[in-house]
Amino acid sequence: MTIFNVRLSHEDETGLSAAAKTSGRSKSEIARDAISAHLQKMGDDEKRWETLHDDWSEYGAAVLDAYGALVGAQVAKLDALRRAFETRLVEIEDMDWEKAIEPVYEIFRKKVIAKSRSYSPNPYIGGRDIKQPDVVAAIGFAADDVHDFKLPLEQVFYDYCGSAGWEAFDEIPAIYARARARLEANKKK
């Protein structure tokens, strides 16, 4: 077996690839057949010498014909594909919200929750003024897309009292005392 390394122009290479897809044959088979057909014409030494100086126009014509056949077949398929896509888009538009959108939202929610949890601590109490701290929660949509949700700590306490009642609200000093005791214990270590 003899191996040839033939460098084709980008257009010829594209045409050869397309012809291979259309015919179900490899590019090597198509090139081999075109070369064999060309070389069969070289019956005697005189013809062989003449052919060696040929510009391979017959070979190029065979490749271009194969390319033209493939392009024609592909263009014919485009309209069918367009109609199929339009039909599918109409089906998606007609789908129920729960079937069409909710699966996408489920993935989006999981990614936002995972990204938000990667910020530590989250939520936290911070702010510029220690007398008016904020409760801050980072909501992460992507590495470079983060939204900080801020609410004054006083408002959090106010809302907590409104939703949990005075008895639960009165437990805040005991919770504060336990947190302070933990901090002091850590400081002594």
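Residues numbered from 1 in each chain as written. Predicted model: local features only at pLDDT ≥ 70, side-chain atom pairs only at ≥ 80, totals over all residues. Heavy atoms only, no water.

Structural notes on the overall build of the chain
Helix and strand counts for the chain come out as 9 helices and 3 strands. Burial status across the chain gives 14% buried among its 189 residues. Pairs at least 24 apart in sequence give 26% of the contacts found in the chain among residues at least 6 apart. Total accessible area on the chain stands at roughly 15700 Å², and carbon and sulfur atoms take up 58% of it. (Helix = DSSP H or I, 4+ residues; strand = E, 2+ residues; numbered from the N terminus. Buried < 20%, exposed > 50% of the residue type's maximum accessible area, 1.4 Å probe, protein only. Contact = heavy atoms within 4.5 Å. Areas by Shrake-Rupley, 256 points an atom, 1.4 Å probe, with all protein chains shown as cover.)

As for the sheet that holds strand β3 (residues 145-152)
Spatial ordering of the open sheet is given by β1-β2-β3, a layout of 3 strands whose pairing is antiparallel. Both edges of this open sheet fall to β1 (124-126) and β3, since each of them pairs with a single strand only. On average, each strand axis in the sheet is tilted by 40° relative to the strand beside it, whichever way the strands run. For strand β2 (residues 134-142) and β3, the ladder comprises 8 bridges, and the chain directions are antiparallel. Directly across from G140, in β3, lies its bridge partner V146. Most of the contacts of helix α7 (residues 153-164) go to β3, to which it runs at about 65°, and overall it touches β1, β2 and β3. (Pairing = 2+ DSSP bridges. Axes fitted to C-alpha atoms, helices over the stretch in contact; angles between N-to-C directions.)

Examining the side chain of S116
Residue placement: S116 occurs in helix α6 (residues 102-117). Among residues more than four places away in sequence, those in contact with S116 are N122, A138, I139 and G140.

Brief notes about helix α1 (residues 10-23)
The terminal C-alpha atoms of α1, which comprises 14 residues, lie 20 Å apart, in line with the 20 Å expected from a rise of 1.5 Å per residue. Among all positions of α1, only G15, L16, A18, A19 and A20 are buried. G24, located one to two residues past α1, shows a positive phi value of around 75°. (Expected span 1.5 Å × (residues − 1).)

Here's the deal with the packing of aromatic side chains
Note on aromatic pairs: each is described by the distance of the centres and the angle between the planes. Inspection of every chain in the model, using the stated rule, returns 2 aromatic pairs. Between the aromatic rings of F108 and F141, the centroid separation amounts to 6.2 Å while the plane-to-plane angle is 15°, which identifies the pairing as stacked. Of this pair, F108 sits in helix α6 while F141 sits in strand β2; the two residues are 33 residues apart in sequence, bridging distant segments of the chain. Aromatic pair W166 and F169: ring centres 5.7 Å apart, planes at 90°, arrangement edge-to-face. (Phe/Tyr/Trp six-rings, centres within 6.5 Å; stacked < 30°, edge-to-face > 60°.)

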